[in-house]
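Residue-level structural notes
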Amino acid sequence: MLKIIMSQHDSIRAVEWKDNHLVLLDQRKLPHNEQFIALYSADDTAEAIRNMVVRGAPAIGIAAAYAVVMAARKSYKQYPQDWRQRLLAEIETLKNSRPTAINLMWALNRMCLAAEQIQGDPEYPLLELAKKIHQDDIDANYHMGELGSALIAPSHGVLTHCNTGSLATGGYGTALGVIRSAYSNGKIEHVYADETRPWWQGSRLTAWELAKDKIPAHLLCDGAAAHLMKLGKVSWVIVGSDRIAANGDVANKIGTYSLAVNARYHGVKFMVVAPTSTIDLATLCGNDIPIEERPQDEVLNVSNQRIAAHHTQAWNPAFDVTPASLVDALVTEKGVIENPTAEKIAALMAS
Ligand code: MRU
């Protein structure tokens, strides 16, 4: 049974298994509408991941794990002798739904390995594993919350980017989990959240989560971050990650790299919070991380209203890579690494 609420600052779940299907909070509709979508197939789940109904690296991995349960149930019913082969095709579709977040491939590889060992009806054992992946993520977030909070000297403000909270994970959040814990522990008084163009994860999602949890926050335009640092209003920038290469380079939401450069210049510390499922030892450095490019329309339109002249073209990379040398602390559920290097990461992963 998944733990639903574990603290006064943890009231949201965006991914849930109900009876025999997956339920997702439709993140495209937030903050104005809290609508849930019921999904019964892997194809529909892949579509929901592609279209950002569910987003955030750990959350899409968890949704995909539940999708494998539904795919296995269908395959076993239709082709009891040949269900594994059929399942592999559906897993491939899920893997291709978004390219950057390694948590998606990590969760699918775990489900795939488990499926190879199963004799008989696969639904129950695969559902148990999907629930475990989900619960482990929540537990990791709580643990990282405390580890990250311990790094923060009592200070007035921190800055975060994108959405890394309950909506982006199994629950509680990575960077936002640290912020939740640090706020509960009296370490921080105020949160600054970048609005995070072009998909507005900061304004539509993070500000919504912070308001629900009554954590004092200001939203700012992405371009205001350097000015905020210069005024000394924040002591840490705290972000999540979609994939961390073996050498510690960090892929995260577009704009993160600028924050890291600005933080170093202004003497503000830079913290990355991610479970070890985000670390990809097979990707040696940041240059090898595939960066998703999303449709131009996300930049050219706001709320379905065109904001640029006709014939204007837009470039819309969804992520960027921050070099490990700009990261002061990498917080994982296995422990904290200061100034990450390939050697320190290899040792952490082997522990
Ligand atoms: O495009 P998104 O909204 O899926 O991007 C999400 C992020 O970049 C988050 O910062 C990242 O997944 C870490 S969240 C736990």
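Since we're looking at a predicted model, the values are computed, not measured.

Cut-offs used in this document
Residues numbered from 1 in each chain as written. Predicted model: local features only at pLDDT ≥ 70, side-chain atom pairs only at ≥ 80, totals over all residues. Heavy atoms only, no water. Helix = DSSP H or I, 4+ residues; strand = E, 2+ residues; numbered from the N terminus. Rg over C-alpha atoms; globule rule 2.2 N^0.38 Å. Buried < 20%, exposed > 50% of the residue type's maximum accessible area, 1.4 Å probe, protein only. Contact = heavy atoms within 4.5 Å. Areas by Shrake-Rupley, 256 points an atom, 1.4 Å probe, with all protein chains shown as cover. Lys, Arg positive; Asp, Glu negative; His and termini not counted. Charge placed at Lys NZ, Arg CZ, Asp CG, Glu CD. Domains from an automatic or database assignment. Buried area = accessible area lost by both parts, 1.4 Å probe. Salt bridge = Lys/Arg side-chain N within 4 Å of Asp/Glu carboxyl O. Near = heavy atom within 4 Å. Polar contact = N/O pair within 3.5 Å; in protein donor to acceptor, adjacent residues only side chain to side chain. 1 Å grid on protein atoms, 1.4 Å probe; cavity = no way out; pocket = protein on both sides within 12 Å on 5 of 7 lines; lining within 4 Å. Sits in = over half its atoms within 2 Å of the grid points.

**So, the overall build of the protein chain**
Helix and strand counts for the protein chain come out as 11 helices and 16 strands. For 351 residues, the compact-globule estimate of 2.2 N^0.38 gives 20 Å, and the C-alpha radius of gyration of the protein chain, at 20 Å, lies within 12% of that figure. Reported as C-alpha extents along the three principal axes, the dimensions of the protein chain are approximately 65 × 55 × 40 Å. Out of the 351 residues in the protein chain, the part that is buried amounts to 56%. Put simply, of all contacts in the protein chain between residues at least 6 apart along the chain, 75% involve residues at least 24 apart. Taken as a whole, the protein chain presents about 14700 Å² of accessible surface, with 53% of it coming from carbon and sulfur. Side chains of the protein chain carry 33 positive and 38 negative charges; the gap between the two charge centres is 2 Å.

**Remarks on the domain arrangement of the protein chain**
By the assigned domains, the protein chain splits into domain 1 (15–139) and domain 2 (145–350). Between the C-alpha centres of domain 1 and domain 2 the distance comes to 25 Å. Each partner contributes residues to the interface: domain 1 has 26 residues there, and domain 2 has 28 residues. When domain 1 packs against domain 2, the two sides together hide about 2300 Å² of surface, and 55% of this comes from carbon and sulfur. Its largest share of buried area at the contact with domain 2, domain 1 owes to Arg-55, Thr-100 and Ile-102, together 27% of the area lost on that side. Here domain 1 and domain 2 share 2 salt bridges between them.

**Quick look at the site of the ligand**
Near the ligand there are 19 residues, and of these Arg-55, Arg-98, Gln-201, Asn-252 and Lys-253 occur at the shortest range. Between the ligand and Gly-56 there is a distance of 2.9 Å, counted from an oxygen atom to a backbone nitrogen or oxygen. Here an oxygen atom of the ligand and a backbone polar atom of Ala-57 are 2.9 Å apart. Here the ligand has 410 Å² of accessible area as a free molecule, and 99% of this is covered by the chains. Here the ligand is seated within the largest cavity. Looking at the shell around the ligand, the elements with two or more residues in it are helix 2 (57–78) and strand 9 (250–253). Counting only domains with at least three residues in the shell around the ligand, you end up with domain 1 (15–139) and domain 2 (145–350).

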